[in-house]
Amino acid sequence: ALPISGRGERERAAIFLNSINVVPDHPSERALKLVASSKINSRSIIIFGTGDHLKAITMTANSGFVRAAANQGVKFSVFIHQPRALTESKEPTATPLPNVHLNTNGI
């Protein structure tokens, strides 16, 4: 990431990384009951399932997983945002995000 990140981005990353608390994977029973598909993979089950177990809102751009899980009857508490490149070098030509909405219904 160093070749494409700007100095400000590296500084913000360092501040952020010093403020987070990494938790062990511990997916909820609900998440573990999901059937794998093209949109539901084991990595996403672990990520969303751990958030579900912790009763945390998961911030994601992976609306495909959220929809597929909801179609199987498992609705996660999520904040869906548009996918974005995470590099400062693209900021000058980036399109501003529209208003985003907090979604606690899993859709």
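Report on the accompanying structure. Everything quoted here is computed from the prediction, not taken from an experiment.

Attention now moves to the overall build of the protein. A count of helices and strands for the protein gives 4 helices and 3 strands. Burial statistics for the protein: of 107 residues in total, 28% are counted as buried. In the protein, the share of contacts with a sequence separation of at least 24, taken over all contacts with a separation of at least 6, comes to 51%. If you sum the accessible surface of the protein, you get close to 7,800 Å²; carbon and sulfur atoms cover 58% of it.

For lysine 55, which is not glycine, the phi dihedral falls at a positive 60°. On the secondary structure map, lysine 55 appears in the loop between helix 3 (42-53) and strand 1 (58-60). Judged by its relative accessible area of 76%, lysine 55 is exposed.

All of the buried residues along helix 4 (residues 63-71) are Gly64, Phe65, Val66, Ala68, Ala69 and Ala70. Looking at the packing, one finds that the buried side of helix 4 touches helix 3, strand 1 and strand 2 (78-80).

Oppositely charged side chains are able to pair whenever their charged atoms sit close together. Taken as a whole and judged by the stated rule, the model has 2 salt bridges. Between glutamate 11 and arginine 7 there is a salt bridge, with the nearest N and O atoms lying 3.4 Å from each other. One end of the pair, glutamate 11, and the other, arginine 7, are both in helix 1 (residues 7-17), 4 residues apart, so they sit about a helical turn from each other. On the accessibility criterion, glutamate 11 (45% relative accessible area) is partly exposed. Here arginine 7 falls in the exposed class, since its relative accessible area comes to 62%. Arginine 30 is the salt-bridge partner of aspartate 52, the closest N and O atoms lying 3.0 Å from each other. With aspartate 52 in helix 3 and arginine 30 in helix 2 (residues 29-32), this residue pair connects regions lying 22 residues apart in the sequence. Looking at aspartate 52, the relative accessible area reads 19%, which means it is buried. Look at arginine 30 and you get partly exposed, because its relative accessible area is 35%.

What follows concerns the nonpolar core. One finds Ala31, Leu34, Ile40, Ile45, Phe48, Phe65, Val66, Ala68, Ala69, Val74, Phe76 and Val78 forming the largest nonpolar core, which totals 12 residues. Among the elements that line this core, the one with the most residues is helix 4, at 4 residues.

Turning to a nonpolar patch on the surface, a few remarks are in order. Residues Phe16, Leu17, Ile20 and Val22 make up a contiguous nonpolar surface patch of about 420 Å² in total accessible area. A relative accessible area of 55% means that leucine 17 is categorised as exposed.

Here the structure, examined in full by the defined rule, presents 3 aromatic pairs. Ring geometry for phenylalanine 48 and phenylalanine 76: centres 5.8 Å apart, planes at 50°, overall tilted. With phenylalanine 48 in helix 3 and phenylalanine 76 in the loop between helix 4 and strand 2, this residue pair connects regions lying 28 residues apart in the sequence. Residue classification places phenylalanine 48 among the buried residues on the basis of a relative accessible area of 4%. Accessibility expressed as a relative area gives 2% for phenylalanine 76, which makes it buried. Counting every residue linked through ring pairs, the aromatic cluster contains Phe48, Phe65 and Phe76. It is arginine 30 that lies over the ring of phenylalanine 76; its NZ or CZ is 5.6 Å from the centre.

What counts, and where the lines are drawn
- Residues numbered from 1 in each chain as written.
- Predicted model: local features only at pLDDT ≥ 70, side-chain atom pairs only at ≥ 80, totals over all residues.
- Heavy atoms only, no water.
- Helix = DSSP H or I, 4+ residues; strand = E, 2+ residues; numbered from the N terminus.
- Buried < 20%, exposed > 50% of the residue type's maximum accessible area, 1.4 Å probe, protein only.
- Contact = heavy atoms within 4.5 Å.
- Areas by Shrake-Rupley, 256 points an atom, 1.4 Å probe, with all protein chains shown as cover.
- Salt bridge = Lys/Arg side-chain N within 4 Å of Asp/Glu carboxyl O.
- Core = buried A, V, L, I, M, F, W, Y, C linked by side-chain atoms within 4.5 Å.
- Patch = residues over 30% accessible without salt bridge, like charges linked within 9 Å, V, L, I, M, F, W, Y side chains within 5 Å.
- Phe/Tyr/Trp six-rings, centres within 6.5 Å; stacked < 30°, edge-to-face > 60°.
- Lys NZ or Arg CZ within 6 Å of the ring centre and 35° of its normal.

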